[in-house]
Structure formats: structure tokens, C-alpha cells
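# Examining the three-dimensional arrangement
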Amino acid sequence: MPRASLKQRKDGRYKCKYKGIQFMGVTQTEAYAKLDAYKRLEASGLRAEAAGVTFSQYAAKWIETYKGGVSTRTYNDYLRVLHQFVKVVGDKPIKNVIPSDIQLAYNEQQGFSRSHIRIFGMIVNSVFKAAVADRVILHNPCLSAKLPKGKEGSHRAILPWERDLILQSTHRFAPAIMCMLYAGLRRGEVLALDIDRDVDFTAMTISIREAVRFESNQPIITDPKTEAGARTIPMLDVLAARLSGIHGLVAPSASGSLMSETAFNRAWEGFIADLEALYNGDSKRWYGRRNGQNRDAMPPWKSISIRPHDLRHSYCTMLYDAGIDLKTAQKWMGHADQAMTLRIYTHLTAEREEAEARLLRERVNEQLNDGVQNGVQTELKSNGSL
């Protein structure tokens, strides 16, 4: 049955309507073609009114809907990932993004850390997953794309001599450092720790109830990083001894309140400087400059490079060395799932296997060398040469 003729508007275009939506065209054929395209989208199960929505437009709605309650820093991290994706792929209609576009964006992350790549993939996948649920697209193009491996994480366990220096330090920040090293607390968790409220010297436990995050350098009390972050940790004797007699915040600012981000960074730098002074026997400013010192004859200044998260990594290493099972380690570390704990445990296992293989080779080589020498000497004796 032929379609009804459309009346030409004053502007020269033709208009047809469907379910209250207007479709315009320079010709009647163009107007009907737009209507037919809309109906095809409806039949496929998509929301036809979202047909022209670009990735940026949908991502803007997604971030406001699902991430509006996160901290400013986290919100900006999401924005950076989404902007980077658009920079690589282009701001095309989201329904036109194909798996090769996703793979191209993923490939651009090669060379970054595994953590960065994992977060990038998680954010991009979440946008497309939500678009499928909203019937803006039919399929998630991320499902067939593969993330690059990325660089191994740079966090490390501190060395025995570094641990000894920390135990010797009387710096005002030392109690907080000890909580990070011997209880695995994150920076935000240690800044919110109140000894009178959260530390039980009778039960020998530390309870993590809150954390600090920063908004424009200022501290804000919030819930721990994840639901698993709210936890109770057994307190080691060495930590109990350091915290005994302290009241209130374990890491207060100079005024006794919560530390700002700048104050934390300065306290950390001061603590590292204190460790360096302990190791070198003097502060860097006066090293080799005091009366009677010959700087040229003194050993080179030894710098110490420890980052806050290295202490938490060291705690996880202690759990591994003590044979703590994966599930318990996950709980005490406050990891949301076993994957993060398992990554650390697996990495440590690989390190141990490599070290043990090296020791085995050295031991066998020593035995072989000893055996050859003994064999030669025995042969010489039997021949009367010795």
C-alpha cells in the first residue's frame, strides 16, 4: 500500500510523525527513510531515540549517574580515562564503536603499569556494559578486546636494614609509619586512626573504621576504600610497644587535627630524612661539613627511597613469609577480593622460586668443584705424585 503524501512545510522540508516523534527531510523519501531507520532500531531491541548518542554524551550521563558520589580526585580520574579513550578512538556514535576501536585504545596503554591498565579497562568496559543495559547498543565491544600486560608494579618490600632504621627512629611520624609497616594500613586509614577509639591493648587488635581522603588538599573523613577495608587486624607486640602511651590520632597535624595532604607529604619527607641521618651518622646538610671532618675521605652520602605503599607491601610480604593463608591475608589487608592478594602472593612465590633455584645452582656447583678437586688429589696420591 503506497504511503500517504506529506505536506511540504513553509521551509521547503517534509515532515512525518511516529509516536510523537518528528522526522524531517528535504524530500518525502528522506523523511520516510528516517522513520524507517527508527523503526528498525526499535525492532532490534535498541532505544531508537538514542541512535545518534556519541560516546562522550553517553559517558557524561554514565559518570553522573554511577560515579557522582565519589571523591573529586576519583571523579577526575574517571574523566581522564574517558577523555583519553575519546582522544584515541574519536567521538563517534557509541553504537558505531567496534572491538578494533577498543583494542586500539587498549594498545595505547602499553608501557603503563598493570594497575593503570586494569583501571582503564574497567572504566571503559563499565560504560559499554551500562550502554547495553540501557539498550543504547546491542553488544559490548570490550568483550573481545584484550588488555596489554603492562609493567610489573613498582612497590617493593623494604629491606632488613631499612626496617632496623625504622625501629630506631624517634621521629614524631614513626608511630604512624609503624602502623603502615606492621598492620598494613593505607595512608588514609592511618591518618584517621584514633588510638583511644580504634586500638584495643587488651585484645591486641586494631580496628579500621574510617579513612581520610583529600579534597583540594583538605582532609575529609570517609568510609574505608572498600567494604572489606572496614576490618579488625591483630596487633603485633612490636607495634603495641610503640603505640603504648599515645592518645588520640596516631598521625595528627601540628595543631592536633587531621593532616592535610601537604602536611602528610612533609611529614613523610621528614621521616625519610631522619632515616638517612641515622644511616649516615648526620643530617645531609651537615654531612662532612663539621669541624674535623674530611668530606673527601668520607663514604658517599646514602639516600633512602621508600614510598608509603612499600610499607603496606612489606606487611603483605610478612604475612606470606609467616605462612598466613590467602583468605586471612585478604581480610587483614582489606582487599575487596582475593585477586589483589593473590597477585602479591604469586609474585612473591616467583621471587622465592628464583632465589631458591639460584641457591641450588650455587650449591651444586660448589659440590662439583669440591668433588673434582678431591678426585684430582686422590688420583695424584695414588700415583705417588703427592
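Note that this is a predicted model, so its numbers are computed, not measured.

### Remarks on helix H5 (residues 114–133)
Helix length check: H5, at 20 residues, gives a terminal C-alpha distance of 28 Å against a target of 28 Å (1.5 Å per residue), a fit within 8%. Inspection of H5 places Ile117, Phe120, Gly121, Ile123, Val124, Val127, Phe128, Ala130 and Ala131 among the buried residues, and these make up the whole buried set. Against helix H2 (55–66), helix H3 (72–89) and helix H4 (99–107) lie the buried residues of H5. Where H5 ends, the next residue or the one after it, Arg135, has phi of about 60°, a positive value.

### Observations regarding the pairing of strand S2 (residues 21–25)
Across five bridges, strand S1 (residues 14–18) lies against S2 in antiparallel orientation. Bridging across to S2, Tyr14 finds its partner in Gly25. Counted along the chain from S1 to the antiparallel partner S2, the turn is two residues long, and its residue Lys19 has a positive phi close to 55°.

### Notes on the packing of aromatic side chains
Inspection of every chain in the model, using the stated rule, returns 11 aromatic pairs. Taken together, a centroid distance of 6.3 Å and an interplanar angle of 40° make the contact between Trp62 and Tyr66 tilted. With Trp62 and Tyr66 both in helix H2, this residue pair falls four residues apart, about one helical turn. Pairing Tyr106 with Phe120 gives two aromatic rings, centres 6.4 Å apart and planes at 75°, and the pair type is edge-to-face. Here Tyr106, found in helix H4, pairs with Phe120, found in helix H5; they are 14 residues apart in sequence, far enough to count as distant.

### Overview of the nonpolar core
In terms of nonpolar packing, the biggest core is built from 50 residues, with Ile166, Phe173, Leu239, Val250 and Leu311 touching the most fellow members. Per-element accounting of this core gives the leading share, nine residues, to helix H7 (residues 174–183). Once residues lying within four places of it in the same chain are set aside, the contact partners of Val250 are Pro175, Ala176, Cys179, Val190, Leu193, Ile195 and Leu243.

### A few points about the environment of Gln168
Mapped onto the secondary structure, Gln168 falls in helix H6 (residues 160–168). By relative accessible area, which is 48% here, Gln168 ends up partly exposed. Residues Gln168 and Leu278 lie 110 residues apart in sequence; the distance between their C-alpha atoms is 8.2 Å.

### Re the packing of H2 against H5
Two elements in contact, H2 and H5, have axes whose closest approach is 10 Å; the angle formed by their N-to-C orientations is 95°. In terms of orientation, H2 lies roughly perpendicular with respect to H5. Taking contact as the criterion, the partners of Phe55, Tyr58, Ala59, Trp62 and Tyr66 in H2 are, on H5, Ile123, Ser126, Val127, Phe128, Ala130 and Ala131.

### Brief notes about the pattern of salt bridges
On inspection of all chains with the given rule, the structure shows 15 salt bridges. With a closest N to O distance of 2.8 Å, Glu189 and Arg186 form a salt bridge. An identical accessibility class is assigned to Glu189 and Arg186; each is buried. Residue Asp198 is joined to Arg197 by a salt bridge in which the shortest nitrogen-to-oxygen separation is 2.7 Å. One network of salt bridges, in which partners are shared, links Arg197, Asp198, Arg209 and Glu210.

### Remarks on the side chain of Asn140
Mapped onto the fold, Asn140 is located in the loop between H5 and H6. Take Asn140: its relative accessible area is 12%, and that puts it in the buried class. Here the side chain of Asn140 touches Asn125 through a polar contact of 2.9 Å, side chain to side chain. Discounting residues that sit within four places of it in the chain, Asn140 has contacts with Asn125, Phe128, Lys129 and Val132.

### Thoughts on unusual backbone geometry
Of note in the backbone geometry, Arg135 takes a positive phi value of approximately 60° without being a glycine. Mapping Arg135 onto the fold places it in the loop between H5 and H6. At Asn217, a position not held by glycine, the phi torsion is positive, near 80°. Looking at the secondary structure, you find Asn217 in the loop between strand S5 (211–215) and strand S6 (218–222).

### Details of the sheet that holds strand S4 (residues 205–208)
Spatial strand order, S3-S4-S7: three strands in an open sheet with antiparallel pairing. Sheet topology places strand S3 (199–200) and strand S7 (231–234) at the edges, where each strand pairs with a single neighbour. Strand direction decides the pairing type here: S4 and S7, joined by four bridges, are antiparallel. When the bridges of S7 are listed, Ile206 appears paired with Ile233.

### So, the pairing of S5
Of all five residues in S5, four are buried, a share of seventy percent or more. The sheet contact formed by S5 and S6 spans five bridges and is antiparallel. Across the sheet, residue Ala211 finds its bridge partner in S6, namely Thr222. Turn length for the S5-S6 hairpin, with the two strands adjacent in sequence and antiparallel, is two residues, and the turn residue Ser216 shows positive phi of about 50°.

### A short note on the state of the cysteines
Counted according to the given criterion, the structure contains zero disulfides. You can see Cys316 has no disulfide; the closest cysteine sulfur is in Cys179, sitting 18 Å from it.

### Focus on H4
Residues separated by three or four positions in an α-helix point in the same direction, a consequence of the helix having 3.6 residues per turn. Those residues of H4 that sit buried are Asp101, Ile102, Ala105 and Tyr106. Along H4, the residues classed as buried sweep out an arc of 140° about the axis, all on the same side. Residues of H4 that are buried sit in contact with H3 and H5.

What counts as what
- Every chain's residues receive numbers from 1 upward, in the order its sequence appears when written.
- Selection of residues for local features in this predicted model requires a pLDDT of at least 70, selection of side-chain atom pairs for listing and counting requires 80 or more, and totals for whole chains, interfaces and linings are taken over all residues.
- Excluded from the side-chain calculations are hydrogens and water; all other atoms, namely the structure's heavy atoms, are used.
- Numbering goes from the N terminus for both helices and strands, where a helix is a DSSP run of H or I of at least four residues and a strand is a run of E of at least two.
- Multiplying 1.5 Å by the residue count of a helix minus one yields the expected span of that helix.
- Relative accessibility decides the category of a residue: with a 1.4 Å probe and only protein chains considered, values under 20% of the type maximum give buried, values over 50% give exposed, and everything between is partly exposed.
- The contact criterion used throughout is that any non-hydrogen atoms of two residues lie within 4.5 Å.
- Paired strands, in this sense, are two strands between which DSSP finds at least two bridges.
- Any Phe, Tyr or Trp ring, taking Trp's six-membered ring, that has another such ring centre within 6.5 Å forms a pair; planes under 30 degrees apart are called stacked, those over 60 apart edge-to-face, and the others tilted.
- In these notes, a set of buried Ala, Val, Leu, Ile, Met, Phe, Trp, Tyr and Cys residues joined through side-chain atoms within 4.5 Å is what counts as a nonpolar core.
- Between N-to-C directions, angles span 0 to 180 degrees; the directions come from axes that are lines fitted to C-alpha atoms, helices contributing only their stretch in contact.
- We call two directions roughly parallel when the angle between them is under 35 degrees, roughly antiparallel when it is over 145, roughly perpendicular when it lies between 65 and 115, and oblique otherwise.
- Salt bridge, as applied in this entry: a Lys or Arg side-chain nitrogen positioned within 4 Å of an Asp or Glu carboxyl oxygen.
- Side-chain atoms alone can form a polar contact between residues adjacent in sequence; in general such a contact is a pair of N or O atoms within 3.5 Å, and within protein one must be able to donate a hydrogen while the other accepts it.
- The disulfide criterion is simple: two cysteine sulfur atoms within 2.5 Å.
- Comment: arc refers to directions from the helix axis out to C-beta atoms.

Keep in mind these numbers describe shape, not what the thing actually does.
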